[in-house]
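As a plain string of letters, each chain reads:
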Amino acid sequence: MTPFVTNGHLLLNPLESISNYDKTQVQKSLYRLSSVVVHFGSHSYGHFITYRRKPTTLAKSNSRAKLNLLEVEGSSKINGNSEWYLVSDEEVQKVELDEALNANPYLLFYEKVY
């Protein structure tokens with residue numbers, strides 16, 4: 001995300017990035033889909049529902065090592081086969097991943113794995 005955020009000092013030259021970051025220092029990150037927000041209706045009325053991945057815990061201090069361990073073990077928590085839920089007002093129900101992936105998203109949320 002470094003190219004898209006600043007360290008508090010903005011560059012005002014329109015031909016340059018708004019922040020000066022060293023591209024050689026940028027670490028690669030892995031993100032995974034955590035929520036899909038869907039809107040039914042029109043711009044003046046409607047209803048929102050959310051498909052949400054069941055949260056998993058990876059310790060921040062050692063997340064890269066744990067991720068490698070999970071990938072070696074073939075964990076479904078990393079490869080996308082984890083549990084998904086439909087959340088709508090007062091109702092929560094377990095759904096298949098395909099239902100969330102085939103929804104017409106209004107907004108997507110990702111979580112940083114490492």
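Owing to the predicted nature of the structure, the values given are computational and were not obtained by experimental measurement. (Residues numbered from 1 in each chain as written. Predicted model: local features only at pLDDT ≥ 70, side-chain atom pairs only at ≥ 80, totals over all residues. Heavy atoms only, no water.)

## Thoughts on the overall build of the protein
Consideration 1: Broken down by element type, the protein carries three helices and five strands.
Consideration 2: Reading the protein from its N end, one meets helices and strands in the order β-β-α-α-β-β-α-β.
Consideration 3: Residue pairs at least 24 apart in sequence account for 56% of intrachain contacts in the protein once pairs closer than 6 positions are excluded.
Consideration 4: For the protein, the exposed surface amounts to about 8800 Å²; the carbon and sulfur share of it is 53%. (Helix = DSSP H or I, 4+ residues; strand = E, 2+ residues; numbered from the N terminus. Contact = heavy atoms within 4.5 Å. Areas by Shrake-Rupley, 256 points an atom, 1.4 Å probe, with all protein chains shown as cover.)

## Notes on the nonpolar core
Here is a general trend for soluble globular proteins: nonpolar side chains tend to be buried in one another's company.
Consideration 1: Ranked by size, the top nonpolar core spans 10 residues in total: Leu33, Val36, Val38, Ile49, Tyr51, Trp84, Leu86, Val95, Ala100 and Ala103.
Consideration 2: Elements supplying a minimum of two residues to this core: strand 1 (31-41), strand 2 (46-53) and strand 3 (84-88).
Consideration 3: Broken down by element, this core gets its largest block of residues, three residues, from strand 1.
Consideration 4: Among all residues touching leucine 86, those that are not within four sequence positions of it are Ile49, Thr50, Tyr51, Glu91, Val92, Gln93, Val95 and Glu99. (Core = buried A, V, L, I, M, F, W, Y, C linked by side-chain atoms within 4.5 Å. Buried < 20%, exposed > 50% of the residue type's maximum accessible area, 1.4 Å probe, protein only.)

## Things to note about a nonpolar patch on the surface
Consideration 1: Nonpolar side chains collect at one region of the surface, where Phe48, Tyr106, Leu107 and Phe109 lie side by side and expose about 430 Å² of accessible area between them.
Consideration 2: For the nonpolar patch, the element with the most residues is strand 5 (residues 105-112), which contributes three residues.
Consideration 3: Tracing the backbone shows leucine 107 in strand 5. (Patch = residues over 30% accessible without salt bridge, like charges linked within 9 Å, V, L, I, M, F, W, Y side chains within 5 Å. Salt bridge = Lys/Arg side-chain N within 4 Å of Asp/Glu carboxyl O.)

## Here's the deal with the pairing of strand 3
Moving residue by residue along a regular strand, the side chains alternate between the two faces of the sheet.
Consideration 1: Of the two faces of strand 3, the one holding Trp84, Leu86 and Ser88 is buried and the one holding Tyr85 and Val87 is not buried anywhere.
Consideration 2: In this sheet, strand 4 (residues 91-95) lies alongside strand 3 in antiparallel orientation, the contact comprising five bridges. Counterpart to tyrosine 85 in the pairing with strand 4 is lysine 94.
Consideration 3: Linkage of strand 3 to strand 4, two consecutive antiparallel strands, is achieved through a turn of two residues, within which aspartate 89 is found at a positive phi near 50°. (Pairing = 2+ DSSP bridges.)

## Quick word on the pairing of strand 2
Consideration 1: Inspection of the sheet shows strand 1 paired to strand 2 by seven bridges, in the antiparallel sense. Its bridge partner being in strand 2, glycine 41 is matched across the sheet by glycine 46.
Consideration 2: What sits between strand 1 and strand 2 in their antiparallel hairpin is a turn of four residues.
Consideration 3: Examined bridge by bridge, strand 2 and strand 3 share four bridges and lie antiparallel to one another. Residue pairing for strand 3: arginine 53 is matched across the bridge by tryptophan 84.

## Structural notes on unusual backbone geometry
What is expected of a backbone is that most residues other than glycine have negative phi and most peptide bonds are trans.
Consideration 1: Of note, the phi angle at aspartate 89 is positive, near 50°, even though the residue is not glycine.
Consideration 2: Within the secondary structure, aspartate 89 sits in the loop between strand 3 and strand 4.

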